[in-house]
Amino acid sequence: MSKLDFYLFTFIILLFNNGFAQRPPAFTFDNQCFGHTTEIYLYNRGIVDVMWDFGDPVTGANNTSTDRDPTHVFSAPGSYNITLTGEIAVVGGPLSNPIYSTANVTYIETVTIYPVPVVEPLVELVQCENDLDGFSQFNINEVADKISANASNEIFTFYESEADAISGDSVITNSINYTNTIPSSDTVWARVENVNGCFSTSQVNLRVVNTQIPITFTRSLYACDGLDGDDTNGVSVFDFSSIHYEILNMFPNPQDLEINYYTIESDALSESNPIEDISNYSNASSPYSQDIYVRVDNKIYNDCVGLGKHITLTVNPSPEFYIEPRQILCVSDPNHSLVLDPVESSSQEAFNYSWTLNGNIIATSPTLTVDNPGDYSITLTKTDGTGCSRTETVSVAASEIASIDQRNINVVDLSENNSITITNSSLLGVGDYWFALESKDGLVSYPYQNEPVFNNLKGGIYTLLVEDKNGCGTATLPISVIGYPKFFTPNNDGINDFWQIQGINALIQAKTNIYIFDRYGKLLKQLSPLENGWDGTYNSYALTTDDYWFKLSLQDGRTVLGHFALKR
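Residues numbered from 1 in each chain as written. Predicted model: local features only at pLDDT ≥ 70, side-chain atom pairs only at ≥ 80, totals over all residues. Heavy atoms only, no water.

When you look at the pairing of strand β35 (residues 474-481) in this model, what are you seeing that I'm missing?
On a regular strand, each side chain points to the face opposite its neighbour's, so the side chains alternate between the two faces of the sheet. In this structure, strand β34 (residues 460-468) lies alongside β35, joined through 8 bridges in antiparallel fashion. Of the residues in β35, the one forming a bridge with Y462 is I479. Here β34 hands over to β35 after 5 residues, with G471 in that stretch at a positive phi of 90°. (Pairing = 2+ DSSP bridges. Helix = DSSP H or I, 4+ residues; strand = E, 2+ residues; numbered from the N terminus.)

Can you help me understand unusual backbone geometry in this one?
Comment: phi is negative for the bulk of residues other than glycine, and the bulk of peptide bonds are trans. Despite not being glycine, D49 has its phi angle at roughly 55°, a positive value. Tracing the chain through its elements places D49 in strand β3 (residues 48-53). The exposure class assigned to D49 is exposed, which follows from its relative accessible area of 60%. Phi angles above zero are rare outside glycine, and N273 is one such case at about 55°. In this fold, N273 is placed in the loop between α5 (265-270) and β17 (281-282). Residue classification places N273 among the exposed residues on the basis of a relative accessible area of 57%. (Buried < 20%, exposed > 50% of the residue type's maximum accessible area, 1.4 Å probe, protein only.)

Sorry if this is basic, but what is going on with the packing of aromatic side chains here?
Geometry of an aromatic ring pair is reported as the spacing of the ring centres plus the angle between the planes. A complete count under the given rule lists 16 aromatic pairs for this structure. Arranged with centres 4.1 Å apart and planes meeting at 15°, the rings of W499 and F564 form a pair that is stacked. Within this pair, whereas W499 is found in the loop between β36 (487-488) and β37 (513-517), its partner F564 is found in strand β42 (residues 559-566), the two being separated by 65 residues in sequence. Accessibility expressed as a relative area gives 0% for W499, which makes it buried. Overall, F564 belongs to the buried group, its relative accessible area being 1%. Through successive ring pairs, a cluster of aromatic residues spans Y484, F488, W499, W534, Y548, F550 and F564. (Phe/Tyr/Trp six-rings, centres within 6.5 Å; stacked < 30°, edge-to-face > 60°.)

Is there a simple way to think about the environment of G86 in this case?
Take G86: it is sitting in strand β6 (residues 78-92). Looking at G86, the relative accessible area reads 8%, which means it is buried. Along the chain, G86 and V48 lie 38 residues apart, while their C-alpha atoms are 5.6 Å from each other. For G86, the residues in contact, after removing those within four places along its chain, are I47, V48, D49, V50, A103, N104 and V105. (Contact = heavy atoms within 4.5 Å.)

In this structure, what is going on with the sheet that holds strand β32 (residues 444-449)? I would like to understand it.
Two orientations exist for strands paired in a sheet by backbone hydrogen bonds: parallel and antiparallel. Strand order in the open sheet made by the 4 strands is β32-β31-β34-β35, with antiparallel pairing throughout. This sheet does not close on itself; its edge strands, each paired only once, are β32 and β35. Within the sheet, the average angular offset between the axes of one strand and its neighbour, ignoring direction, is 20°. The pairing of strand β31 (residues 433-439) with β32 spans 3 bridges and is classified as antiparallel. (Axes fitted to C-alpha atoms, helices over the stretch in contact; angles between N-to-C directions.)

I would appreciate a short explanation of the confidence of the model for the protein chain in the present structure.
The predicted coordinates ought not to be read in detail in places where the model reports low pLDDT. Scored by pLDDT, the protein chain comes out at a mean of 91, with 96% of its residues at no less than 70. Here helix α1 (residues 3-16) stands out as the element of the protein chain with the lowest mean pLDDT, 35, in contrast to strand β10 (residues 155-159), whose mean of 98 is the highest. For the stretch residues 1-22, pLDDT sits under 50, and the model shows 12 contacts to residues farther than four places along the chain or on other chains. (pLDDT = per-residue confidence, 0-100.)

Which parts of the structure should I look at to understand the pattern of salt bridges?
Think of it this way: side chains of opposite charge can pair up when their charged atoms draw near. Scanning the model with the defined rule gives 14 salt bridges in all. In this structure, E392 and R390 form a salt bridge, with 2.8 Å as the shortest nitrogen-oxygen distance. Classification of R390 as buried rests on a relative accessible area of 13%. (Salt bridge = Lys/Arg side-chain N within 4 Å of Asp/Glu carboxyl O.)

Explain the sheet that holds strand β33 (residues 453-457) to me, please; I cannot follow it from the model alone.
Here we have 3 strands laid out as an open sheet, ordered β29-β30-β33, and antiparallel in their pairing. The two strands at the open ends of the sheet, each matched to only one other strand, are β29 (409-412) and β33. Averaged over all adjacent pairs, the angle separating strand axes in this sheet is 10°, with direction ignored. As paired strands, strand β30 (residues 418-422) and β33 are joined by 3 bridges and run antiparallel to one another. Bridge pairing in β33 places T421 opposite V453.

Teacher, can you tell me more about helix α4 (residues 241-248) here?
Count 3.6 residues to each turn of an α-helix, and residues three or four apart come out pointing the same way. Among all positions in α4, only I243, H244, I247 and L248 are buried. Here the buried residues of α4 occupy an arc of 140° about the axis, which is enough to place them on one side. Opposite the buried face of α4, by more than 90 degrees, sit the exposed residues S242 and Y245. (Arc of directions from axis to C-beta.)

Any chance you could explain the state of the cysteines here in plain terms?
What is meant by a disulfide is a covalent connection between two cysteines, made through their sulfur atoms. The tally for this structure, following the rule as stated, stands at 4 disulfides. Disulfide partner of C33: C198, at an S-S distance of 2.1 Å. With the S-S bond torsion at -90°, the cross-link from C33 to C198 turns out left-handed. Of the two residues, C33 is situated in the loop between β1 (27-30) and β2 (38-42) and C198 in the loop between β12 (185-193) and β13 (199-210); the sequence distance between them amounts to 165 residues. Comparing C33 with C198, the two get one shared label, buried. The disulfide bridge from C330 ends at C472, spanning 1.9 Å between sulfur atoms. Residues C330 and C472 are joined by a disulfide whose S-S torsion is about -90°; by sign, that bridge is left-handed. With C330 in strand β21 (residues 326-330) and C472 in the loop between β34 and β35, this residue pair connects regions lying 142 residues apart in the sequence. Along the protein chain, the cysteines engaged in disulfide bonds are linked according to the scheme 1-3, 2-5, 4-7, 6-8 when indexed in sequence order. (Disulfide = S-S within 2.5 Å.)

If you want it as structure tokens, here you go:
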């Protein structure tokens, strides 16, 4: 045997011994669910004279087979060792002179047979109707617990024939709202699958019965708008508890019944979205009016025994009116008083009125005249029989015109930054104030501002204005800011022809004396603050351009020295 023959032979043997990570199985199997026929497929088609042993001796003669692709129904769920024996062709020797022979082979594979769901073969689902036509909508899913005790771990699908349930074809897609096709009854089939894909089927008989709640049983509940905190949205809060017990007492064994309430009929039929708290229900999904559907089921069999629209909710509107929530009482007015007057939206409605202060009723008239601040509440109640009411609170706050005098004013004058400041705003009164400043000719030096400080003022007479923002009036006070011009130009052009101290008049510092000197200290003029001022002359002689000095003896006792320029 040549070296090439040896290499080729070795290569073929390696292929024969597979050369893969693991050998392929000699046979495979399908359908491993108990009670079903398990199909076995011979994977290695070169095996002949096969003999199968299914490892299931309980089945007697059926435990063996000589079919190439046999089938077997195993006697119980569990694991079984399937043994295959047979012959296989073997080729040996060099490639140039192969030798053909046969060999006996044995293969063993383990198959697991899974249990199928344990189900009731026949169950019934009862649905109610209230229109006597024999048709109703079923939530077929509700029958799951009747079919299997392990329903929560299984998959349920429904079909209109047993054949479809077995094949899994033509599944019912609207199982939550399925309508029977035959009046008063129908049959569907459930296919129940477990985690291993094994399934069982169950027949579901659908039966339509008339509701046992009389159609004449209706209850209406009324509430006033506003119980949810908003008295304008048509939403309120209702309690069905008393009706609940009325319905239970219609039946002979109320302890076996379960009652649920729904906002739409389709939810009642499918048992979806029940109202969770019937003692504190808000009709937010249907303002002003809503129908409630009642469904009664037998808790033991989950059968419907009563269904219908038996409760109507109505929200009556609360009185509509407006009153200004914050009002001002000007206590500085000697005859101060304030009329509180709610404005009703409809002049055609009649109301009862109730005014309270600190929880005590003080009047029952449509309006209220008050002369003291406080929080007053007004309640309007309808007289149409609903008794709906609405309450608003009016906060009456005191305000007044400011009280101001010179003792509360600080003036900085005869400086580079003259200013006026109200030293203590809290002494002005109980109002809400702001402040402005006018010069003596009525021009606004500072428009209204919140801060009681005015800076960078020229000398002059000002009027301080303190206005109450609440409308209780404006207080005024004349204020003098002493100042003087740094120069003047007495050339008879009507502009700056006289020099005079600023901020003094006949009423303010009128007894002030002014003395004017030249640079050498010679008295040139003794001037009254009430005169026009100095015209720049001495003994009718026009003095030259120069600096001149003054001495100011103010009526308030201050003495001030300074200088200014005369320009020609």
